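One letter stands for each residue in the lines below.
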Number of protein chains: 8
Amino acid sequence: QVSIIMGSDSDWRVMEAAKAVLDELGVASEVDVVSAHRTPQKMVDFARGAADRGVRVIIAGAGGAAHLPGMVASMTRLPVIGVPVPLEKLDGLDSLLSIVQMPAGIPVATVSIGGARNAGILAARMLGAFDAELGTRLDAFAAELERQVDGKAQALRERVATGERAETGA
Amino acid sequence: QVSIIMGSDSDWRVMEAAKAVLDELGVASEVDVVSAHRTPQKMVDFARGAADRGVRVIIAGAGGAAHLPGMVASMTRLPVIGVPVPLEKLDGLDSLLSIVQMPAGIPVATVSIGGARNAGILAARMLGAFDAELGTRLDAFAAELERQVDGKAQALRERVATGERAETGA
Amino acid sequence: QVSIIMGSDSDWRVMEAAKAVLDELGVASEVDVVSAHRTPQKMVDFARGAADRGVRVIIAGAGGAAHLPGMVASMTRLPVIGVPVPLEKLDGLDSLLSIVQMPAGIPVATVSIGGARNAGILAARMLGAFDAELGTRLDAFAAELERQVDGKAQALRERVATGERAETGA
Amino acid sequence: QVSIIMGSDSDWRVMEAAKAVLDELGVASEVDVVSAHRTPQKMVDFARGAADRGVRVIIAGAGGAAHLPGMVASMTRLPVIGVPVPLEKLDGLDSLLSIVQMPAGIPVATVSIGGARNAGILAARMLGAFDAELGTRLDAFAAELERQVDGKAQALRERVATGERAETGA
Amino acid sequence: QVSIIMGSDSDWRVMEAAKAVLDELGVASEVDVVSAHRTPQKMVDFARGAADRGVRVIIAGAGGAAHLPGMVASMTRLPVIGVPVPLEKLDGLDSLLSIVQMPAGIPVATVSIGGARNAGILAARMLGAFDAELGTRLDAFAAELERQVDGKAQALRERVATGERAETGA
Amino acid sequence: QVSIIMGSDSDWRVMEAAKAVLDELGVASEVDVVSAHRTPQKMVDFARGAADRGVRVIIAGAGGAAHLPGMVASMTRLPVIGVPVPLEKLDGLDSLLSIVQMPAGIPVATVSIGGARNAGILAARMLGAFDAELGTRLDAFAAELERQVDGKAQALRERVATGERAETGA
Amino acid sequence: QVSIIMGSDSDWRVMEAAKAVLDELGVASEVDVVSAHRTPQKMVDFARGAADRGVRVIIAGAGGAAHLPGMVASMTRLPVIGVPVPLEKLDGLDSLLSIVQMPAGIPVATVSIGGARNAGILAARMLGAFDAELGTRLDAFAAELERQVDGKAQALRERVATGERAETGA
Amino acid sequence: QVSIIMGSDSDWRVMEAAKAVLDELGVASEVDVVSAHRTPQKMVDFARGAADRGVRVIIAGAGGAAHLPGMVASMTRLPVIGVPVPLEKLDGLDSLLSIVQMPAGIPVATVSIGGARNAGILAARMLGAFDAELGTRLDAFAAELERQVDGKAQALRERVATGERAETGA
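The following refers to the structure shown. (Residues numbered from 1 in each chain as written. Chains lettered and ligands numbered in written order. Predicted model: local features only at pLDDT ≥ 70, side-chain atom pairs only at ≥ 80, totals over all residues. Heavy atoms only, no water.)

### Some details on the overall build of chain A
Turning to step 1, where the next piece is worked out: What chain A contains, in helices and strands, is six helices and five strands.
Turning to step 2, where the next piece is worked out: Sequence-ordered secondary structure for chain A, helices as α and strands as β, is β-α-β-α-β-α-β-α-β-α-α.
Turning to step 3, where the next piece is worked out: Over its C-alpha atoms chain A spans a radius of gyration of 19 Å, topping by over 25% the 15 Å that the globule rule assigns to 170 residues.
Turning to step 4, where the next piece is worked out: On the principal axes, the C-alpha backbone points of chain A span a range of 70 × 40 × 30 Å.
Turning to step 5, where the next piece is worked out: Across the 170 residues that make up chain A, the buried fraction comes to 63%.
Turning to step 6, where the next piece is worked out: Counted over contacts in chain A with a minimum sequence separation of 6, partners at least 24 positions apart contribute 66%.
Turning to step 7, where the next piece is worked out: In the structure as shown, chain A presents an accessible area of about 5600 Å², 50% of it carried by carbon and sulfur atoms.
Turning to step 8, where the next piece is worked out: For chain A, the separation between the mean place of its 17 positive charges and that of its 21 negative charges on side chains is 2 Å. (Helix = DSSP H or I, 4+ residues; strand = E, 2+ residues; numbered from the N terminus. Rg over C-alpha atoms; globule rule 2.2 N^0.38 Å. Buried < 20%, exposed > 50% of the residue type's maximum accessible area, 1.4 Å probe, protein only. Contact = heavy atoms within 4.5 Å. Areas by Shrake-Rupley, 256 points an atom, 1.4 Å probe, with all protein chains shown as cover. Lys, Arg positive; Asp, Glu negative; His and termini not counted. Charge placed at Lys NZ, Arg CZ, Asp CG, Glu CD.)

The structure is reproduced here in structure tokens:
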């Protein structure tokens, strides 16, 4: 249901978080390397065939002059989620602007710099709007996030309190 | 199916393009002003109730320290599309970063600065992945875009050719 | 009197400097993790209850699309000090803009990127305007800062002079 | 109780909003032009004497290499609120960074670029933490903000609904 | 010999300077609108066929998430010159980064924001390296530039001198 | 045919990639250090003499206030390719703007920050437009790039599939 | 004693403020247009001959990829003051970085974007360090600045006081 | 003749290059730590007394909201050279803007981020305009720079040539 592509296999270090969270949420996904610049024909074929192959959401990660998400979006009617992959210089600002500043007519749903995990969750939310069971899993997922933060908050409060007692005791 | 909200009624000059394109594409939508900072309770109620009211996608526009899209996304499991509204200073860069740089767990599908039309199209793409008829309308929409560009290209080529003949004739 | 909150327990590495300086200045403070995005209800409850619990100043640290300080400010009448926590990318510029660029009506007193120590001092200054004893401690604090710089200046001048003699002697 | 200063009388176009909202909230204030660079002695005298004159909060606006808020903060123990005034170029980004990026020890409570109204509200919040009556006025102020947004939301919803009927009727 | 394309006919206001300077330099050129996002197939056909049609240099202008120059460069072996077209927001910085930050393997020869005239001159320089006559015209072009600046320098010096005499005479 | 110059021998760590790819593509090149600021006369002599020595393309790398590419371009009619060399601070943004933002009349063909490999390929594309054999090598080069990406894509798909089986098997 | 040059006669609108303040301060100056890119030989001759002609300080203004100040500084031992002239896009940030980020060995004394008046004053300060009479005029100049600010401060305080009485009277 | 001050002794790691080059050039200098924010009175005394103590040029380094150079410039008629010291975040961009963007009337001669060596050379150039012997040393200094670059260029050309022979020999 979700297809995860990236411009280079070196983007996998960032993009694997999308696959991981989709696995957590029980959403089927596939992974491939499709380069807008180095394999343009493969990109065209991928984008044109995705809807017919049953894909419902595409996640595309790319860095620098990141053209992959926008180009794929121009050749499919599916929603495309773009992940700006940060490269060695400019902290991903070039990737972000190259992905998000699409012209009217062809949107890309852009997430944060390096935000592949959020790309996976966003894809699940899109599907969950039409899949009650997945919607329930997303609710549980949010509740779990909340529970984790509460746990960490508790731990920090204790650490601070202990630190204070320790200092007082000293 | 789509709920369009914005932080201030002055954002309507930007956000009405989302409503307009959804109308063009035959997708039902509602409009409201919900301010994260000035009507926080209304925002909480809106976000928590949206899925149960049958909304499937939320479009939220905001400017400056633009917290509305992210805050709504934190209180619903629906996909939330964020539109960075440019204010008088900084050309919307603050709005963009405030919307797109969400922490892991809570994604916002960010479109370009002022890109409300694309937000509407993106919402339609999300729905179209589960609605064959809307999918067909989206294909027609893309074909129409292509036809328009071809028409403009033809017009420009003629203008350039005429300009050249005119110069030659002079 | 001062409540220090942060969006994630990983922000503690930055935020503990606020607690430390308040301890130095003899100002009572409490610490908690409150996430705008992951524990929105806890945030609402915290912000609404703070004034009644006797808190007089809130210090809130957050990174990236940093919504916590502004959201808390929208649900309390207390002064809220925002600390932009720098994340791995963008050097905290996204955090800064997300915190400082608040719309008219809801201010956040923003300090420098990573400036938790200054947040603590700022809170003390606010309280010190109504607490003569704390005011005196703040004057002593400034005098101590001045004394330290004078000491370092003396040390540097000596180091430079010695370096010159050494070179001359060689 | 609040002293509003600015580096140039041309900053008054921005800074008058601070005076206006303090008047609305019934907080006494004074206004002066004090230039860090052109009247340095006046600045020193102003900063050193403010606390003894009964001032409890200082609001300082400046643009470009905006040194006034930080320099005043270095010579008083009162809380200083800095307003980055945007000049003709750079949209106030230079003003913002010159004000907010203070070194450890000397904080400036920075508000948004051109955010003089918020500076006034922030000053009132600081005072309101020790003044129950002003606290009540601040609560009323926030309620009025909320009421205004609700009114505008209502107006927009009607405008949109009417627009749709109008189109349908056409 | 030179093909000038742009993503939208609204880019012509910027791009016509490329055509104009090529006309001045006696270099044949053609003009078309080719949108990476709205007419992707036309772009593929254009890029793949350019070298065989006898084109030796391609000039491509685009704005925002400007993918046209890079995508064309990925499907031809000809040199591609990219012109960042500034849009309403961000002063063309997004266009510049989207064009210049290409990954290793696929270069785009990027000129300044809005620098279509320079794109034309650059194309002529590429051709002039193999065309002695054009090389001579380029030398004359540079000499003419120098002559113009000398004339303007002379005029300014006179204006300043006169201004001084006028003041003295007054 | 191609002359590669740089402002400092410390730029060689970046610039050697230009030489390397030209070697791969069988294009003759020479290398030198020519500093706009420290050896201005050498720069003048180099730029004025390049065309007559048979050079057809110049590649110039420089960092910071990077004046070398533009200054050389002002004293030759040959195409000059500029490589923004990133220095310790600002990630090469100063280098990029100093090279790309040339005034009308004197273009520099700018590649990505640190993009010396692309500078070499761009030079080869310029020459290949007039050299059928080199053109063929460039086509083979692109085909090889595509083949490499396909190989990496295959490897990644296998790694992901194996990972899944492994997890399933566990 | 001071030579004011600029890259284009269109920079005069900015640069004339340098001449004006030098006239005010009684410092002799000359004006010329010298383009690093369009009249490189003139620039070389100017820079090499300046010291021998009795010039003691050079003020050079330029915009975009602003190479003039740095190139002149590389061919003279005189202090060179650089004025970043803002062009239509980027608010002069490119001009600033191109001028200020000079490599070790060749400094340019950079003033603010569009800061030609300050360039003139800075030149006068350099000369005034060796010219007691000019030093006295500079002291008077600073005193006059202070007096003007005091006058404006007085006027603003009166305006504010009157406004309050007016409102009270209404 | 030259006074080198800095806002913190931790700036010495950057600023010692100014002292070093002045020593190389035989220009007498003194060093001190003077903090605009932590020792404001010392700064006032320093700035007001500098000219009378025989100082002819002041070099001031500071980071972040770097107010030292501008504040000193406001209280002396001597030329002040500002060195933006880069801190942990923002790569010194905040330091640069805080120093260079001074208002009309009070210039600071700004050098590159971290450019203390250039600050020293700039000071020497200012003095050298009135000191023939120092002028000669500056000419020798430039010639030495040129000689060094030529040596490095020679070494690089040999390294490249050898590399080629080695490859050929293999």
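### Focus on the relation of the copies chain F and chain A
Turning to step 1, where the next piece is worked out: After a rotation of 90 degrees and a shift along the axis of 0.0 Å, chain F superposes on chain A with an RMSD of 0.0 Å. Both chain copies can therefore be described as sitting about a four-fold axis. Rotation axis and chain F: the residue whose C-alpha lies nearest the axis is Leu90 of chain F, separated from it by 5.7 Å.
Turning to step 2, where the next piece is worked out: Interface residue correspondence from chain F to chain A reaches only 7%, placing this contact among heterologous pairings that use different surfaces. (Least-squares fit on C-alpha atoms with pLDDT ≥ 70 in both.)

### With respect to the interface of chain F and chain A
Turning to step 1, where the next piece is worked out: At the junction of the two partners, chain F supplies 15 residues and chain A supplies 14 residues.
Turning to step 2, where the next piece is worked out: Of the roughly 1400 Å² buried at the junction of chain F and chain A (both faces included), carbon and sulfur atoms supply 65%.
Turning to step 3, where the next piece is worked out: It is Asp91, Val149 and Leu156 of chain F in chain F that bury the most area against chain A; as a group they hold 33% of the surface buried on that side.
Turning to step 4, where the next piece is worked out: At the boundary of chain F with chain A, the tally comes to one salt bridge.
Turning to step 5, where the next piece is worked out: A salt bridge links Asp32 of chain A to Arg157 of chain F; the shortest N-O distance between them is 2.6 Å.
Turning to step 6, where the next piece is worked out: The tally of links from chain F across to chain A stands at two residue pairs in polar contact (both at pLDDT 80 or more).
Turning to step 7, where the next piece is worked out: The element that contributes the greatest number of residues to the side of chain F that touches chain A is helix 6 (residues 132-169) of chain F, accounting for 11 residues. (Buried area = accessible area lost by both parts, 1.4 Å probe. Salt bridge = Lys/Arg side-chain N within 4 Å of Asp/Glu carboxyl O. Polar contact = N/O pair within 3.5 Å; in protein donor to acceptor, adjacent residues only side chain to side chain.)

### Here we look at the packing of helix 1 (residues 12-24) of chain H against helix 5 (residues 116-128) of chain H
Residues and elements named next belong to chain H.
Turning to step 1, where the next piece is worked out: Contact geometry of helix 1 with helix 5 gives a least axis separation of 6 Å together with a crossing angle of 35 degrees. For the crossing formed where helix 1 meets helix 5, the hand is right-handed. Side by side, helix 1 and helix 5 meet where Val14, Met15, Ala17, Ala18, Val21, Leu22 and Glu24 of the first sit next to Ala116, Arg117, Gly120, Ile121, Ala123 and Ala124 of the second.
Turning to step 2, where the next piece is worked out: Tallied by class, residues from the contact of helix 1 with helix 5 come to 10 nonpolar, one polar and two charged. (Axes fitted to C-alpha atoms, helices over the stretch in contact; angles between N-to-C directions. Left-handed = near helix turned anticlockwise from the far one by under 90°. Nonpolar A, V, L, I, M, F, W, Y, C, P; charged D, E, K, R; others polar.)

### Some thoughts on the interface of chain A and chain B
Turning to step 1, where the next piece is worked out: With 37 residues of chain A at the contact, the number on the chain B side is 37 residues.
Turning to step 2, where the next piece is worked out: Carbon and sulfur atoms make up 62% of the area that chain A and chain B hide from each other, which totals about 3300 Å².
Turning to step 3, where the next piece is worked out: When residues of chain A are sorted by the area they lose upon contact with chain B, Arg77, Arg125 and Phe130 of chain A head the list and together hold 24% of the total.
Turning to step 4, where the next piece is worked out: Scanning the region where chain A abuts chain B turns up two salt bridges.
Turning to step 5, where the next piece is worked out: Notably, a salt bridge pairs Asp139 of chain A with Arg77 of chain B, separated by 2.8 Å at the nearest N-O pair.
Turning to step 6, where the next piece is worked out: Linking chain A with chain B are 21 residue pairs in polar contact (both at pLDDT 80 or more), by the criterion used here.
Turning to step 7, where the next piece is worked out: With seven residues, the single largest contributor to the side of chain A that touches chain B is helix 5 (residues 116-128) of chain A.
Turning to step 8, where the next piece is worked out: Across the side of chain A that touches chain B, the residue classes break down as 25 nonpolar, seven polar and five charged.

### Considering the pairing of strand 3 (residues 57-63) of chain C
Working note: regular strand, side chains alternate between the two faces of the sheet.
Residues and elements named next belong to chain C.
Turning to step 1, where the next piece is worked out: With seven of its seven residues buried, strand 3 lies for the most part within the structure.
Turning to step 2, where the next piece is worked out: Alternating residues of strand 3 divide into Val57, Ile59, Gly61 and Gly63 and Ile58, Ala60 and Ala62, and every residue in both groups is buried.
Turning to step 3, where the next piece is worked out: Sheet analysis places strand 1 (residues 2-6) next to strand 3, joined by five bridges and oriented parallel. Within the sheet, the bridge partner assigned to Ile4 lies in strand 3 and is Ile59.
Turning to step 4, where the next piece is worked out: Alignment of strand 3 against strand 4 (residues 80-85), held across six bridges, turns out to be parallel. When the bridges of strand 4 are listed, Ala60 appears paired with Gly82.
Turning to step 5, where the next piece is worked out: With helix 3 (residues 68-73) bridging strand 3 and the parallel strand 4, this β-α-β connection has right-handed handedness. (Pairing = 2+ DSSP bridges. Right-handed = clockwise from strand over helix to strand, strands pointing away.)

### Concerning the environment of Ser8 of chain A
All names here are of chain A.
Turning to step 1, where the next piece is worked out: Along the chain, Ser8 falls in the loop between strand 1 (2-6) and helix 1 (12-24).
Turning to step 2, where the next piece is worked out: Spatially, the C-alpha atom of Ser8 lies 9.3 Å from that of Asp32, the residues being 24 residues apart in sequence.
Turning to step 3, where the next piece is worked out: If we skip the residues at most four places from it in the chain, Ser8 touches Val33 and Arg38.
Turning to step 4, where the next piece is worked out: Polar side-chain contacts of Ser8 include one of 2.8 Å to the side chain of Ser10.

### Regarding the relation of the copies chain A and chain B
Turning to step 1, where the next piece is worked out: For the pair chain A and chain B, the best superposition has an RMSD of 0.0 Å and corresponds to a rotation of 180 degrees with a translation of 0.0 Å parallel to the axis. Such a turn and shift between the copies fits a two-fold axis.
Turning to step 2, where the next piece is worked out: Comparing interface residues between copies, 100% of those in chain A also sit at the interface in chain B, which points to an isologous, same-surface contact.

### Examining unusual backbone geometry
Glycine aside, a negative phi is what most residues show, and trans is what most peptide bonds show.
Turning to step 1, where the next piece is worked out: Even without a glycine there, the phi angle at Leu90 of chain C is positive, about 70 degrees.
Turning to step 2, where the next piece is worked out: On the secondary structure map, Leu90 of chain C appears in the loop between strand 4 and helix 4 (93-100).

### Focus on the pattern of salt bridges
Turning to step 1, where the next piece is worked out: Following the criterion strictly, the structure yields 64 salt bridges over all chains and no others.
Turning to step 2, where the next piece is worked out: The partner of Arg117 of chain F in a salt bridge is Glu24 of chain F, with the nearest N and O atoms 3.1 Å apart. Highlighted residues: Arg117 of chain F in helix 5 (residues 116-128) and Glu24 of chain F in helix 1 (residues 12-24), separated in sequence by 93 residues.
Turning to step 3, where the next piece is worked out: Judged by its relative accessible area of 28%, Arg117 of chain F falls in the partly exposed class.
Turning to step 4, where the next piece is worked out: Residue Glu144 of chain G is joined to Arg147 of chain G by a salt bridge in which the shortest nitrogen-to-oxygen separation is 3.1 Å. Highlighted residues: Glu144 of chain G and Arg147 of chain G, both in helix 6 (residues 132-169), separated by three residues, approximately one helical turn.
Turning to step 5, where the next piece is worked out: Judged by its relative accessible area of 32%, Glu144 of chain G falls in the partly exposed class.
Turning to step 6, where the next piece is worked out: Through salt bridges with shared partners, a single network forms among Asp32 and Lys42 of chain A together with Arg157 of chain F.

### Notes on the arrangement of the chains
Turning to step 1, where the next piece is worked out: Nothing in chain C touches chain E, and the closest approach of their C-alpha atoms is 16 Å.
Turning to step 2, where the next piece is worked out: No part of chain B reaches chain G; the closest C-alpha pair between them is 11 Å apart.

### What about the packing of aromatic side chains?
Turning to step 1, where the next piece is worked out: Tallied over the entire structure, the rule returns four aromatic pairs over all chains.
Turning to step 2, where the next piece is worked out: Taking the centre distance of 4.3 Å and the plane angle of 15 degrees together, the rings of Phe130 of chain A and Phe130 of chain B count as stacked. Taken together, the residues Phe130 of chain A in the loop between helix 5 and helix 6 (132-169) and Phe130 of chain B in the loop between helix 5 (116-128) and helix 6 (132-169) connect one chain to another. (Phe/Tyr/Trp six-rings, centres within 6.5 Å; stacked < 30°, edge-to-face > 60°.)

### Some details on the pairing of strand 4 (residues 80-85) of chain B
Residue and element names in this part refer to chain B.
Turning to step 1, where the next piece is worked out: Burial analysis of strand 4 places six of its six residues in the buried class, the great majority of the element.
Turning to step 2, where the next piece is worked out: By the alternation rule, side chains of strand 4 split into Val80, Gly82 and Pro84 and Ile81, Val83 and Val85, which are all buried.
Turning to step 3, where the next piece is worked out: Direction of pairing for strand 4 relative to strand 5 (residues 109-110): parallel, over a ladder of two bridges. Across the sheet, residue Gly82 finds its bridge partner in strand 5, namely Thr110.
Turning to step 4, where the next piece is worked out: Taken together, strand 4, helix 4 (residues 93-100) and strand 5 constitute a β-α-β crossover, and its handedness is right-handed.

### Quick notes on the environment of Ala51 of chain D
Residue and element names in this part refer to chain D.
Turning to step 1, where the next piece is worked out: In this fold, Ala51 is placed in the loop between helix 2 (40-49) and strand 3 (57-63).
Turning to step 2, where the next piece is worked out: The spatial distance from the C-alpha of Ala51 to the C-alpha of Thr76 is 7.2 Å, given a sequence separation of 25 residues.
Turning to step 3, where the next piece is worked out: The residues contacting Ala51, other than those within four sequence positions of it, are Arg77 and Leu78.

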